[in-house]
Amino acid sequence: MDICRRNNVTVTGPLDGPVVVLAHGFGCDQNMWRSLVPALAERHRVVLFDYVGSGGSDLSAWSPERYSSLHGYAHDVVEVCQELDLERAVFVGHSVSAMIGVLAAQAAPERIGALVMVAPSPCYIDDAGYRGGFTADDIDELLASLEANYLGWSSAMAPVIMGNPDRPELGQELTNSFCATNPDIARVFARTTFLSDSREDLKGVNVPTLVLECSQDVIAPREVGAFVHAAVPGSRLVTLDATGHCPQLSAPEATSEAILDFLRELL
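This structure is a prediction, so every number in the text was calculated from the model and none was measured.

## What to know about the sheet that holds strand β1 (residues 10-12)
In space, the seven strands of this open sheet follow the order β1-β3-β2-β4-β5-β6-β7, with mixed pairing throughout. Each of the sheet's edge strands pairs with one partner strand only, and the pair in question is β1 and β7 (236-243). Between one strand axis and the next, the sheet turns by 20 degrees as a mean value, whatever way the strands run. As defined by bridge partners, strand β2 (residues 19-23) adjoins strand β4 (residues 89-94) across four bridges and the pair is classed as parallel. Note that in β4 the partner of Ala23 across the bridge is Gly93. Set on the sheet, helix α4 (residues 96-107) makes contact with β2, β4 and β5 (112-118); between it and β5 the angle comes to about 165 degrees.

What follows is the structure, given as structure tokens:
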């Protein structure tokens, strides 16, 4: 199988530069990183891709069995890294991709040498001593609504997820991205995302890690950022002056600056 075609891999920046891999979240594709790429690509080899079922990926490669677990997406990441012969790359994962990056780093530690978690959440459901931001009933209702009417759910939820109601074009972009995803694939990815629990996996992270949270985020509240920071030994937590769940779109300059500061310290 042509892995680069399967995952619509694109590479930019100097070929001999340190490698940064950008991974999108649920309902999105690599286009969500477009505002960060120019700054990152000045000195870094930037690898972008789409998870199978998203964006320009090969939809024929999708299967509900493989992608009903975050490990299936982590296998995609490892295979992309192997195909490009990447070593010690910095994996930048947005939202659920932050946890996918954790799993990929565990599976292939020689391929991933550092993690940047952008608005991460290891578990979306509240638990004893843990606030994920949603009750179990909230998630059941969210998934039921999504499965009953995916396009309607996308139109209603995307602006809420994006935040920034004074900039409706951002919410519209996320809505369009959600609506471009095959509903059957989106339903599986949504269940995989919102029912996942990667809290124990965080304890095994042993690479330099940057946790980027937003000052206001309905999907990953600040208690979640604090939890991730405390769970990952030696991690750094940065709170961006940004609202919503997609700072790479709503606050690209602050997001790229925080990532570049982290990258400079790694070199």
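## Observations concerning the side chain of Ser121
Looking at the secondary structure, you find Ser121 in the loop between β5 and α5 (136-148). Within the local environment of Ser121, its side chain forms a polar contact with the backbone oxygen of Cys123, the two atoms lying 3.2 Å apart. Those residues within four positions of Ser121 in sequence are excluded, and the remaining contacts are Ser95, Met99, Tyr130, Ala220 and Val224.

Thresholds, definitions, all that
- Residues numbered from 1 in each chain as written.
- Predicted model: local features only at pLDDT ≥ 70, side-chain atom pairs only at ≥ 80, totals over all residues.
- Heavy atoms only, no water.
- Pairing = 2+ DSSP bridges.
- Helix = DSSP H or I, 4+ residues; strand = E, 2+ residues; numbered from the N terminus.
- Axes fitted to C-alpha atoms, helices over the stretch in contact; angles between N-to-C directions.
- Contact = heavy atoms within 4.5 Å.
- Polar contact = N/O pair within 3.5 Å; in protein donor to acceptor, adjacent residues only side chain to side chain.

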